[in-house]
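# Observations on the model geometry
Now for the letters of each chain:
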Amino acid sequence: MITVHHLENSRSQRVLWLLEEMALPYELRRYERDKQTMLAPPELRQVHPLGKSPVITDGEITMAESGAIIEYLTQAYEQGAALVPARGSAEWRRYVYWLHFAEGSLMPPLLLKLIFNKVRNSPMPFFVKPIARGIADKVTASFVDPNLQRLLAFMDNELAGRPWFAGEQFTAADVQMSFPLEAAAARGGLDTRYPNLTTWLARVHARPAYKRALDKGGPYKIPG
């Protein structure tokens, strides 16, 4: 039996979605974030030394990292074959690219945006606040936002003429891409400039397996 160690409002939501798409049975163990720090609870360190989510156990096997979990599940179970294009095809090359792009290229600027938003809005002495906000605003405007907008424009263009990132068929790469694009939407990055991304995200949210994963995973809100 596969066990998903599921942290609320985290990347592990897409692992639940993948398992629902594959129609694989699994056990769900929920973990709540610390209300003050919003970090994962120490109990997760009993599953994996880093104490982060997602983590799955499958018998004696423990797997962490979203991309690694996706690769493991789609290779270990025959139901995963339908979510991976034929090896060597153009669709497979796109699949591999987007599977790694999600965390390698897209998440870093989104994380920076979150950090600088927290700097901007965190309580601090009144005489420090203008300096901290000024630095956060300058870095966001000169570095974070331009990089993020370039990435979003690139992805939007890549989705022109195809419904899913690898091509005509939904794949596990779409599962991997869901979290960063939901984070982009939560942080105000998706607007009318990126209609293909907006349509893709609506298509994701309409999938029955996605809805089942939300029902099982509980309330899901990515910090803005």
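Residues numbered from 1 in each chain as written. Predicted model: local features only at pLDDT ≥ 70, side-chain atom pairs only at ≥ 80, totals over all residues. Heavy atoms only, no water.

### Some thoughts on the overall build of the chain
Rules: The way it works is that DSSP assigns letters per residue, a run of H or I at least four long becomes a helix, a run of E at least two long becomes a strand, and they are numbered from the N terminus. This radius of gyration counts C-alpha atoms alone. The globule rule is 2.2 Å times how many residues there are, raised to the power 0.38. Three labels apply to residues, based on accessible area from a 1.4 Å probe with only protein chains included: buried if under 20% of the type maximum, exposed if over 50%, partly exposed otherwise in between. Charge counting follows a simple rule: Lys and Arg are positive, Asp and Glu are negative, and His as well as the terminal groups are ignored. To locate a charge, the coordinates of NZ of Lys, CZ of Arg, CG of Asp or CD of Glu are taken.
Of regular secondary structure, the chain possesses seven helices and four strands. Each helix and strand of the chain, placed in order from N terminus to C terminus, yields the pattern β-α-β-β-β-α-α-α-α-α-α. Computed over the C-alpha atoms, the radius of gyration of the chain is 18 Å, within 12% of the 17 Å expected from 2.2 N^0.38 for a compact globule of 224 residues. C-alpha atoms of the chain, sized along the principal axes, occupy 60 × 45 × 25 Å. In the chain, which comprises 224 residues, the share counted as buried stands at 46%. Side chains of the chain carry 27 positive and 23 negative charges; the gap between the two charge centres is 7 Å.

### Considerations on the sheet that holds strand β4 (residues 61-64)
Definition in use: Whether two strands pair depends on DSSP finding at least two bridges between them. Note on method: axes are straight lines fitted to C-alpha atoms, helices fitted across the in-contact stretch only, with angles between N-to-C directions ranging 0 to 180 degrees. Residue contacts are defined here by distance: any two heavy atoms, one from each residue, within 4.5 Å place the two residues in contact.
Reading across the sheet, the four strands line up as β2-β1-β3-β4 and stay open at both edges, with mixed pairing between neighbours. A single partner strand is all that each edge strand has here, and the edge strands are β2 (26-31) and β4. On average, each strand axis in the sheet is inclined to that of its neighbour by 20°, with strand direction left out of account. Lying on the sheet, helix α1 (residues 12-22) is in contact with β1 (2-7), β2 and β3 (55-58); it crosses β1 at an angle near 145°. Of the strands in this sheet, β1, β3 and β4 are in contact with helix α2 (residues 66-76), which crosses β4 at around 135°.

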